[in-house]
Amino acid sequence: MSDLRIGLVGASRVATYAVIAPSREVDGFAVTAVAAREPGRAAAYASEHGIATAYPDYTSLYADPDIDLVYIATPPAFHAEQALAAIEAGKPVLVEQPFALSSSDARRVADRAGALGISVFEAMHSPHHRLFRRLSALLDSGAIGALRHIEAVFDAPIDPGDPFRWQAGFGGGALMDLGIYPLTFVRRLGGEDFRVEAVDAVMRRDVDESFSADLVYPSGLTARLASSMVCPKPVLTLRIEGEAGTIEVRNPYVPQLGHLLRIETDTGSVEEIVDGPGSYAAQLAAVRVSLVDGAAFPYRPDDFIRSMEAIEAIRAQMPGWGDDDRS
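The sections below set out a description of the structure shown in this document.

Rules used throughout
Residues numbered from 1 in each chain as written. Predicted model: local features only at pLDDT ≥ 70, side-chain atom pairs only at ≥ 80, totals over all residues. Heavy atoms only, no water. Helix = DSSP H or I, 4+ residues; strand = E, 2+ residues; numbered from the N terminus. Rg over C-alpha atoms; globule rule 2.2 N^0.38 Å. Contact = heavy atoms within 4.5 Å. Areas by Shrake-Rupley, 256 points an atom, 1.4 Å probe, with all protein chains shown as cover. Phe/Tyr/Trp six-rings, centres within 6.5 Å; stacked < 30°, edge-to-face > 60°. Buried < 20%, exposed > 50% of the residue type's maximum accessible area, 1.4 Å probe, protein only. Expected span 1.5 Å × (residues − 1). Arc of directions from axis to C-beta. Pairing = 2+ DSSP bridges. Axes fitted to C-alpha atoms, helices over the stretch in contact; angles between N-to-C directions.

1. A closer look at the overall build of the chain
Secondary structure summary: the chain contains nine helices and 14 strands in total. In terms of C-alpha radius of gyration, the chain reaches 20 Å, essentially the compact-globule figure of 20 Å for 327 residues. The principal-axis extents of the C-alpha atoms in the chain amount to approximately 60 × 55 × 40 Å. Looking at the chain alone, contacts between residues at least 24 apart form 69% of all its contacts between residues at least 6 apart. A total accessible area of about 14,000 Å² is found for the chain, and carbon and sulfur atoms account for 49% of it.

Below is the structure:
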């Protein structure tokens, strides 16, 4: 079977570990082209990473008949328009998360892709790892009984000089940059029908440098998610409390870098490490199976719209968000 040929939009750091490295770890993929805002940067990136073609602009990459999938890894502010341009050229797209700046932008992409019969995927890699499948199986089996509370945290220090992640106009901030991971896990485990009960945030200029949000479900399940870009060290945790026990996961978001799953009930505690392909390789494999074999993708087709709607629901109650007088 021939390789799925990938073109990169953006000479980005994330593409090196999210697409380039995993495409060389598993069969069936080839990164064949890259385009960037500056032609010289694309050429240098292609040379550094052994990519055959560096295009002088995005339009040329979209038009390449030998590209089977376009991976978009620019700042979120540009995702929707770039995805639409690729879709108009007949190319399926894998769009880095967060998918866009708003749910309306995400919906525009979904609607146009649906009209043209083009596949769209959001690169939310974490739940593709077998760890998430094991976690879901435990919960489905009733291992800890009915769910009562979920705590999900992703803290990571972000360089204050980063040109994009500290600017709301580009899609920056703790919620968009880090909090989308805890939010994704809460949505996967608890569902979409939550109410945002409370949000706390510390603002720096026009972005949230840290935030926490409390969610409530009709069933009585509660959830708390939090992220910070100004922490001393990374914290990646998930705790699920049930009426008959708890499950704790250390590093559920990038489990291939080291993780631990701990189940504790009245009968004792068990610790597990779930082997398998890394989350990025598993994500690419799921995309390939969907595009080549027509298999169902693990996420529902409107998942990236729902993700943006959930972000907006939290942001609507974020103290200071949208103020004009932040300093």
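2. A word on the packing of aromatic side chains
Taken as a whole and judged by the stated rule, the model has twelve aromatic pairs. Their ring planes at 15° and their centres at 5.3 Å tell us that Phe154 and Tyr253 sit as a pair that is stacked. Of the two residues, Phe154 sits in strand 7 (residues 147-155) while Tyr253 sits in the loop between strand 12 (245-250) and strand 13 (260-265), which places them 99 residues apart along the sequence. Neither Phe154 nor Tyr253 differs from the other in exposure class; each is buried. Between Phe297 and Tyr299, the aromatic rings sit 5.4 Å apart at their centres with planes inclined by 75°, giving edge-to-face as the arrangement. Tyr299 shares its class with Phe297; the two are buried. Counting every residue linked through ring pairs, the aromatic cluster contains Phe132, Phe154, Tyr181, Phe185 and Tyr253.

3. As for helix 5 (residues 103-116)
Its 14 residues give helix 5 an end-to-end C-alpha distance of 20 Å, which sits within 8% of 20 Å, the value for a rise of 1.5 Å per residue. Of the positions making up helix 5, those classed as buried are Ser103, Ala106, Val109 and Ala113. Buried residues of helix 5, seen end-on, are gathered within an arc of 125° and therefore sit on one face of the element. Turned more than 90 degrees away from the buried face of helix 5, the exposed residues are Asp111 and Ala115. Looking at the buried side of helix 5, the elements it contacts are helix 4 (76-88), strand 6 (120-123) and helix 9 (303-315). Looking one or two residues past helix 5, Gly117 carries a phi angle of roughly 70°, positive in sign.

4. Observations concerning helix 2 (residues 39-49)
Residues of helix 2 that are buried: Ala42, Tyr45, Ala46 and His49. Projection of helix 2 onto a plane perpendicular to its axis shows the buried side chains occupying an angular sector of 100°, all on one side. Counted as exposed and oriented over 90 degrees from the buried face of helix 2: Gly40, Ser47 and Glu48. Looking at the packing, one finds that the buried side of helix 2 touches strand 1 (4-9), helix 1 (13-25), strand 2 (29-35) and strand 3 (53-55). Where helix 2 ends, the next residue or the one after it, Gly50, has phi of about 65°, a positive value.

5. Observations regarding the sheet that holds strand 6
Reading across from one edge, 3-2-1-4-5-6 is the order of the six strands in this open sheet, with parallel pairing throughout. Looking along the sheet, the strands with just one partner apiece sit at the ends: strand 3 and strand 6. If you compare each strand with its neighbour and ignore which way they point, the axes differ by 25° on average. Of the strand pairs in this sheet, strand 4 (residues 69-72) and strand 5 (residues 93-96) are connected by three bridges, and their pairing is parallel. Note that in strand 5 the partner of Val70 across the bridge is Val93.

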